[in-house]
Each structure stands twice: as structure tokens, then as C-alpha cells.
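# Structure assessment
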Amino acid sequence: MPAAHRVLPLPGGARLVAESMPERQSTSMVLMFAGGSRLEDDRLGGVSHFIEHLYFKGTKRRPSSKEIADAIEGVGGFINASTDKELTAYWARVPSEHEDLAFDILFDIVANSRVDEADVEKERMVILDELRMYQDQPQDLVQNLFEELIWPGHPLGRDIAGTEQSVARLTRDDIIEYADAHYRLPNVVVGAAGSLDVPHTADVVARGLALRADPDGALDSSTPDPLSAPRVLIRRRQTAEAHICLGARALSYMDPDRYALDLLNTVLGEGMSSRLFLNIRERLGLAYDVHSFTQKHRDTGYLGVYIGVEPKKAVDAVNAVLGELRALADDEVAEDELTRAKEFTKGRLRLEMETTNGVAFWLTYQQLLFGEIKTIDEELAQVDAVTAADLKRVAIKLVREPLQMSVVGPFARDSAFRLAIGA
Amino acid sequence: MKSRNVASSSDRAGRLSSNGAGGSAAERIRRAIALVNSVADEAGDEELTPTEIAEAIRDCLELSDIDEIPNVRRYLGEALDAVSDGMPADFVAMTLYAALGALREGS
């Protein structure tokens, strides 16, 4: 099937990716900037996230957050933003006839925000509260600790929101300087999907997107050093449950084996038919919550397993999870299990494409990170092409990496945990 | 969940035969877990001493078949150290469950 989307160059090096879905009632639009917390040094930790918060505080034309919200909610639309490690996205979804308005608000936010000194101080308090809240939520804390272990001393290992120290120190000048350097036309992809006319959308975007055109030349980030040994990091908390993240470096999103990794992850720990759920929870009754997850970046990634478990069963559960990982490296998964994993993955991807928002993000993300866009059919074909031997090869690679484990719970020492992973 | 310290139990050594010698490695480890859990949960009728718990763990260590499965002896050793160091009963129990789990994974 031919691609339904179009990629159009915009003045200044920006790009527009648009897909007309005439049967839909809505149009979704995304402004996605290359960059994110990965580009921040320790001093500027959290600045991308800080900017994203501040840009909803008011612009020259819409001087308060209420006026921004009123403008979009007045037509029943949604507006939001998110900061990630390698990108920052601002998006909206509106009834289609309000497409121009939604673009106008998004462009206004990213180009004309006031960044008022009083707003900087207020938002600083909000973000510091957010950071402290994560410290009180063991599931969040244990994942942050895990990422510190996976990428020690690297910005990828730091919380996207920064640290209390860095957020406390960021000045208005830091924020404006950083935004000016990174919010530039060559760094942005605009995505749109829904009931839209592509030439009209291209015209609206070309006329409305007013950012600096020259590249900032500061989008490089070092590749994390390889890990040499297994490590355990414990935060002692008097929690009723132990919270554990266990895993290893895995593949980047540029790696051709990423589809095999995703299927491996599905077989291992996604959903109620996964091995972790069936064996650790249902058969052994060891943990209430056990699942696996991946994170992929340009040159690195990981596969992790989260376990929420009674503290007395913590190391037993870790060993049982390690047993499941080893089993994937020892034996090829059965054909019917692989087929189930493929159908799960393909089904979820197709469900994502049900919404205009899903399609807009799918297109924009690919254009920004890969510089090219696969259609859904091409993506599904890549999933179908994965074999049981591919999964085993990826699993072998994974278990040869030094294991990393973070633990939050009432543990006075880490010896038994270290023994479990040979640390 | 309670987190009583093993060493804080009153020390009346020799009062209770904790090991009931014999049985497979798994049985002996389960017996040791039951003893530790009774301290952790304050469920026992009588207070147990660290010495009694240590004896139960040493009973497990006596069996040579635990060496056939990686890490079982090391977990038991960790559990014994934890008792000696006065670690909380829950921590000792966790290490014993790890030994039992290692037996399960290795069998």
C-alpha cells in the first residue's frame, strides 16, 4: 500500500509530515524538537523540562496560562507537552475546523513565551515538588536508580526533570539561552494527522512557525561508556513491598535487531500471557507486579524487569526472573509463543494508529529520529520477519551484559542481592 | 509486617530443638524459614534465640547435596552471617528464601 503521509520541507530547515485522514473528526498536530535531557550537562540538568513547563505560563499575545487553556478548551481541544531524553514535544488535538487555531497556539507557545521571572520562581517550586514526589514513590524512585546504574555519570542516567540541586540553581537567563539555542527550525519536525488538507496545512505551518533558522550546532551528546561489572544500588525505605528493577544494556532504536528485542520483551514480560506473569506471579506466587520494559536511544538502550514483591521473597523473585532470562538465551521460543508475541505487538501498534494523535506522533517521531518514515505495513512486515533464532541471539547478547539492579525497600544490606547477580 | 531483630530475642540457648535433624535440603531450609518467620511475625508461642536459628541454618549447611546447585551454600552462609550480625529476622528469612529458590531453580 502506498504511503498515506507526505513529508514536506519547510523554510529554514524544518520539516512537515502530514497525513490526511478525511473520515476523522479531529486533527492532531505535534511540534517535536530534537534534544531533551540528554543534551544537558549537570549544571543545566532539567532545563528542557523546565522550559516545557514555563511555555504554558503565557505568551505575549496570551499572557497567562488561563488564556492558553481557554483558547484551546474553548473549542473542546486538548493541548499538552512532554519532555523526553532525546526530544521535546508540544501537541494539540482539536475538532478539524479549528486546525489553524491549534497551530497558532502551539507556534505562539514555542516562539513567544514570556518566561516571566515570577513564573520561573513559581514553576521552580512546582518542579522541586515534583522531584520530591518521585522520591516518595518507590516505583518511580527504583526506575530512576536503575537508569543511574545503566548510564552512570551520563545525562541519560539522570532524571529528565533534573536534580533538586540543578533545578534550584537554574536562572531565567540559563533557560532563555538554552531555549534559544535548541528551539530552532532545523531541529523541529511538525507533524499533523486528521481531517486536513495537506497544502493548506503546509501553508499554515510555513507562515506561522517563526523560530531562528540557523542551526545551533549543539545537538551532539557523547555515547555512554560500556559497563564493566554488575552492580546493585539499594535505597533503604520502610516500604511494605520491595521494589526492584533488574536488567542490562540492550539495543538502540537504530539497531536492526530492535524488532527482535521488542518481541523478546513481549514474550518475557508484557501482558498477562508473558512468561514473567505466568511463572513468577501465577505459578510461584512470588510477586504481585512483575513486568519487563525497554528503553531505546540513538546509541544505547536497556531491557529491564520491575518486580514488586514482599521483602522476604525479594531475592527469590530476582533469581526466578534471572531464570526466565537465561531460559530465553538457552532455548528458542516455541513457534506459537512467538506468533502470539507478534500478534500482540502488531495489534497494539494498529490500535495506536486509531487516533489522529497516535498517527501524528508516529510520523513525527520517525521523521525526527530516523530521518525517514516506515508505513504501518512496512513496520508490521519487520515484526513478522523476526524468527525464534533472532530472539535467542538477542537474549544471549543480553545475558552477557553485566546485570544492574536497583532496590527500594527495608533492606539493611545488599549482600544477598549482590550474590544473586554476581556483583 | 514486623521487622524484629533476631538478636533481640531473649537468649535461652538450648531450650528448643530447632533443627529436628534429617530431611532433604529443601525441608531443612523450610524448617529454618519457619523458625525465622515465627520471630519476624511474632507468631511463635515461645521466643527463639539466635543460637537456635543459627543451628537450624547449620543443619542445612551440613548437607553436601546443596553444593550441586550454585549459590545455595552461599545464601545459607549469608543467612548465618546475618544472624550473627543481628540483622532483622525478615532479612534472614529473605536470604533463606533465596536459598530455597536457588534449589528450586537448580533442580
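The structure presented is a predicted model; accordingly, all values stated were derived computationally and were not measured. (Residues numbered from 1 in each chain as written. Chains lettered and ligands numbered in written order. Predicted model: local features only at pLDDT ≥ 70, side-chain atom pairs only at ≥ 80, totals over all residues. Heavy atoms only, no water.)

## Considerations on the packing of aromatic side chains
This model, assessed by the stated rule, comprises 13 aromatic pairs over all chains. Aromatic ring contacts, followed pair by pair, group F33(A), Y55(A), F56(A), Y90(A) and Y183(A) into a single cluster. (Phe/Tyr/Trp six-rings, centres within 6.5 Å; stacked < 30°, edge-to-face > 60°.)

## Considering the side chain of S274(A)
All names here are of chain A. Structurally, S274 is set in the loop between α9 (258-269) and α10 (275-283). One polar contact links the side chain of S274 to the main-chain carbonyl oxygen of G271, over a distance of 2.9 Å. Setting aside its immediate chain neighbours within four residues, S274 contacts T266, V267, L268 and G269. (Helix = DSSP H or I, 4+ residues; strand = E, 2+ residues; numbered from the N terminus. Polar contact = N/O pair within 3.5 Å; in protein donor to acceptor, adjacent residues only side chain to side chain. Contact = heavy atoms within 4.5 Å.)

## Re the sheet that holds strand β8 (residues 242-249) of chain A
Think of a sheet as strands paired side by side through backbone hydrogen bonds, with each pair either parallel or antiparallel. Residues and elements named next belong to chain A. Pairing is mixed across the open sheet formed by five strands, whose spatial order is β7-β11-β8-β10-β9. Edge positions in the sheet fall to β7 (231-236) and β9 (287-296), since each of these pairs with one other strand and no more. Between one strand axis and the next, the sheet turns through 15 degrees on average, direction left out of account. As judged from the five bridges shared by β8 and strand β11 (residues 404-409), these two strands associate in the antiparallel manner. Paired with H243 across the bridge in β11 is V408. With respect to the sheet, helix α11 (residues 314-330) is in contact with β8, β9, β10 (301-309) and β11, its orientation differing from that of β10 by roughly 140 degrees. (Pairing = 2+ DSSP bridges. Axes fitted to C-alpha atoms, helices over the stretch in contact; angles between N-to-C directions.)

## Things to note about the domain arrangement of chain A
Residues and elements named next belong to chain A. Per the domain assignment, the segments making up chain A are domain 1 (5-208) and domain 2 (231-421). Its C-alpha centre places domain 1 at a distance of 28 Å from the equivalent point of domain 2. Opposite the 43 residues of domain 1 that make contact, domain 2 presents 45 residues. With both sides pooled, the region where domain 1 packs onto domain 2 buries about 3,600 Å², and carbon together with sulfur makes up 70% of that total. (Domains from an automatic or database assignment. Buried area = accessible area lost by both parts, 1.4 Å probe.)

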